[in-house]
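Residues per chain are reported as follows:
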There are 2 protein chains.
Amino acid sequence: MDAPGTPTLDEVARLAGVSRATASRAVNGSSRVSDRAREAVEAAVRSLGYVANPAARSLATRRTDSVAVVVPEPDDRVFSDPFFGRTLTAVNRVLAERDLQLVLLLARPGEEEGRTLRYLRGGHVDGAIVVSHHRSDHLAEHLAGLGLPCAFVGRPILGADRVAWADTDNVAGARLATELLLERGCRRIGHVAGPGDMAVGQDRLAGHLAALAEAGLDRDPGAGPVEHGDFTEASGEAACARLLAAYPDLDGLFVASDLMARGALRALAAAGRSVPDDVAVVGYDDLGADHCTPPLTTVVNPAGDLAERATRLLLARLDDPAAVPEPVLLPPTLVRRASA
Amino acid sequence: MDAPGTPTLDEVARLAGVSRATASRAVNGSSRVSDRAREAVEAAVRSLGYVANPAARSLATRRTDSVAVVVPEPDDRVFSDPFFGRTLTAVNRVLAERDLQLVLLLARPGEEEGRTLRYLRGGHVDGAIVVSHHRSDHLAEHLAGLGLPCAFVGRPILGADRVAWADTDNVAGARLATELLLERGCRRIGHVAGPGDMAVGQDRLAGHLAALAEAGLDRDPGAGPVEHGDFTEASGEAACARLLAAYPDLDGLFVASDLMARGALRALAAAGRSVPDDVAVVGYDDLGADHCTPPLTTVVNPAGDLAERATRLLLARLDDPAAVPEPVLLPPTLVRRASA
DNA sequence: TGGACGTGTGGAAGCGCTTCCATCCGGTCT
DNA sequence: AGACCGGATGGAAGCGCTTCCACACGTCCA
């Protein structure tokens, strides 16, 4: 790992004519160092090209100065869904403010959360941010049990009271979307829902059904034009096709994510339906929605904000492990474009 | 970083009734351990839930068991260009075989390579894989100078003889693409090129020009219908628009990446040109090319293979630092679809 | 039967850093 | 002038692990 002649703090101290203790204090910007000593050390550091050995430092301080971002999704989704791009970008930016390194932990297909959990327990990181959490991964409970500081982007479906999290109010957002379709006069409204094992999928479905119920369009739970996707474009297309097959007279469609909505638009086009005239469509997320044809009316899910808030919650935990952070819940807003 | 009561190797050894040295050997699967001792240690590890402290291990072994992937691009490109997704997925898979952790190092906008270089020099990782390297980052030279084992995905533009790399033959690929357009009968062929400060941009341009020259369509270097983009969809659209404005009679277009080609198709549609009848288009990469309208004829750039080959080159270097690996150069192939 | 050899084991030395604690020093207060 | 104080400093312990080395103990062969 180190180049052969990597200088150590000892050599810096010797060159600067101070003890290793003082050199360490100078390097770490401690106050209890005279200007004279500090300058000597700084000069020595420069002339030797000294860089502290992170393993040694970490061993002594019991900190690693790095934070894991855990994404229990296959890599291809992470690198194709703009939601993750936004999220990781924001997390990275906030962590960089404090010189913390981001370590991306992806679930690899076919493996349980064992490997990830082992990594987190192994003391490789000071804390974790969990992004796309599913019911079955039990991450909130595991992490709370571990005592590892953590924060969730999106309310955890289990153990939400034991960890910090930031989310948008997905129930309210879905209600907004559905109400818009109702106002437009749609009466046979379908829903391409997110995964049933994620809070975001459940909440958007719940908000949608609540709005329908208020409008007197009750339906039996579990019945009606609802098909689940997994937040990929392909799943949105397939779900929409199933919906059209079962309910050919659909006049409105609420899709639980813009990426799925993009797939749905393709299915609608393939079925010869015009949007919004035959079927009005509302998406969710406002990620790439303006690049669809037609541009998508959607609910804003401020992924960057959310990630930043979650990261700051984590930072607060790192600063003061005793602090019990309040969850953050942001209000949704609707953006009207051409599709509804 | 550690939970308060994290068990140490000492406690494992005590519980197993052996010395710490033996416990260490057992944990690391050394051969020089009796079955009796090994089983006792394994039992102790299980009952205590022992996980080795990576900092301590790394300090003693001078290894970190992690590898950096360096991408000198802004995060938003990394998370939107499918090329990176493929690449990172493949690297991650190969590293996982050896239980190496991937650490993603993105250039943050507005900062020089200082931070990245500091990290690499700091001994945080055992080696590095560099993905989208530009002339000005001088990464090949820096890394070779550092003595840090590394491998490049895509031939480095400077210092290619000092580091390991894997690439496809981009000159040959561009030639293939251009020849196809020529065979089709195109005579006024434009090119949306990649960045001029990357080997891949230069090579694809060179192959294109070589094919034109062979067909007797020489042109002054630097002149003619060539516009550069930066491998984003938006830049492809803009470059194509510039091309159409300057050369309204274009009948063929070779675009140096599929993502840019997608943008180019949009520009062509906006200009009312039909593809392939008015303008035949060939892309490069075969990433999402089949999802374009019309589906894109393109040159296959096997991003996953490339990344895997580069990663294996790195692993070989890690196993035997003295080994001087041969560069890998894969042949390109053409995929015909509707656009040309 | 004695030496050579191989195998499993433990003691102990470090890896490079931080930080507690004792010490020292110059200045201030009484 | 002496006690006192606070800031700067160095010595040394220790973070948890690996690994060199020495040693004990059989085994095997001459």
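Look up: the structure comes first, before these words.
Residues numbered from 1 in each chain as written. Chains lettered and ligands numbered in written order. Predicted model: local features only at pLDDT ≥ 70, side-chain atom pairs only at ≥ 80, totals over all residues. Heavy atoms only, no water.

1. Let's talk about the protein's contact with DNA strand C
Item 1. Taken together, 27 residues lie near DNA strand C, and Leu9, Arg20, Ser24 and Tyr50 of chain A together with Arg62 of chain B sit nearest.
Item 2. Counted by atom, the contact set of DNA strand C within 4 Å of the protein is 63% sugar and phosphate.
Item 3. A distance of 2.7 Å is found between a base nitrogen of DNA strand C and a side-chain nitrogen or oxygen belonging to arginine 20 of chain A.
Item 4. The set of elements that each furnish at least two residues to the surface near DNA strand C consists of α2 (20-27) and α4 (54-61) of chain A together with α2 (20-27) and α4 (54-61) of chain B.
Item 5. Here the surface near DNA strand C is composed, by residue class, of 12 nonpolar, 8 polar and 7 charged. (Near = heavy atom within 4 Å. Polar contact = N/O pair within 3.5 Å; in protein donor to acceptor, adjacent residues only side chain to side chain. Helix = DSSP H or I, 4+ residues; strand = E, 2+ residues; numbered from the N terminus. Nonpolar A, V, L, I, M, F, W, Y, C, P; charged D, E, K, R; others polar.)

2. Description of the relation of the copies chain A and chain B
Item 1. When chain A is fitted to chain B, the best match, at an RMSD of 0.1 Å, comes from turning it 180° and sliding it 0.0 Å along the axis. The superposition of one copy onto the other is thereby described by a two-fold rotation axis. If distances are taken from each C-alpha of chain A to the rotation axis, the shortest is found for alanine 55 of chain A, at 2.3 Å.
Item 2. Residue by residue, 95% of the interface of chain A is reproduced at the interface of chain B, so both copies engage with the same surface. (Least-squares fit on C-alpha atoms with pLDDT ≥ 70 in both. Contact = heavy atoms within 4.5 Å.)

3. Some details on the sheet that holds strand β8 (residues 252-255) of chain A
By definition, the strands of a sheet pair up through backbone hydrogen bonds, in either a parallel or an antiparallel sense.
Residues and elements named next belong to chain A.
Item 1. Across the sheet, 6 strands lie side by side as β7-β6-β8-β9-β10-β12; this open sheet has mixed pairing. Sheet topology places β7 (226-228) and β12 (333-335) at the edges, where each strand pairs with a single neighbour. The average undirected angle you get between the axes of adjacent strands in this sheet is 20°.
Item 2. On the sheet, helix α9 (residues 170-183) packs against β6 (189-193), β8, β9 (280-285), β10 (297-300) and β12 and is oriented at approximately 165° with respect to β9. (Pairing = 2+ DSSP bridges. Axes fitted to C-alpha atoms, helices over the stretch in contact; angles between N-to-C directions.)

4. A short note on the protein's contact with DNA strand D
Item 1. Around DNA strand D, the surrounding shell holds 29 residues, and the nearest of these are Ser34 and Arg62 of chain A together with Leu9, Ser24 and Tyr50 of chain B.
Item 2. Tyrosine 50 of chain B places a side-chain nitrogen or oxygen 2.5 Å from a phosphate oxygen of DNA strand D.
Item 3. Backbone polar atom of alanine 56 of chain B to a base nitrogen of DNA strand D: 3.4 Å apart, as the coordinates give it.
Item 4. Elements supplying a minimum of two residues to the surface near DNA strand D: α2 and α4 of chain A together with α2 and α4 of chain B.
Item 5. At 5 residues, the largest contribution of residues to the surface near DNA strand D is made by α4 of chain B.
Item 6. For the surface near DNA strand D, a count of residues per class yields 13 nonpolar, 9 polar and 7 charged.

5. Remarks on the pairing of strand β6 (residues 189-193) of chain B
All names here are of chain B.
Item 1. Most of β6 is tucked away: 5 of the 5 residues are buried.
Item 2. Where β6 lies against strand β8 (residues 252-255), 4 bridges are found, and the strand directions are parallel. Among the inter-strand pairings, valine 192 is bridged to a residue of β8, identified as valine 255.
Item 3. As judged from the 3 bridges shared by β6 and strand β7 (residues 226-228), these two strands associate in the parallel manner. (Buried < 20%, exposed > 50% of the residue type's maximum accessible area, 1.4 Å probe, protein only.)

Fair warning: the whole summary comes from geometry, so function is off the table for now.
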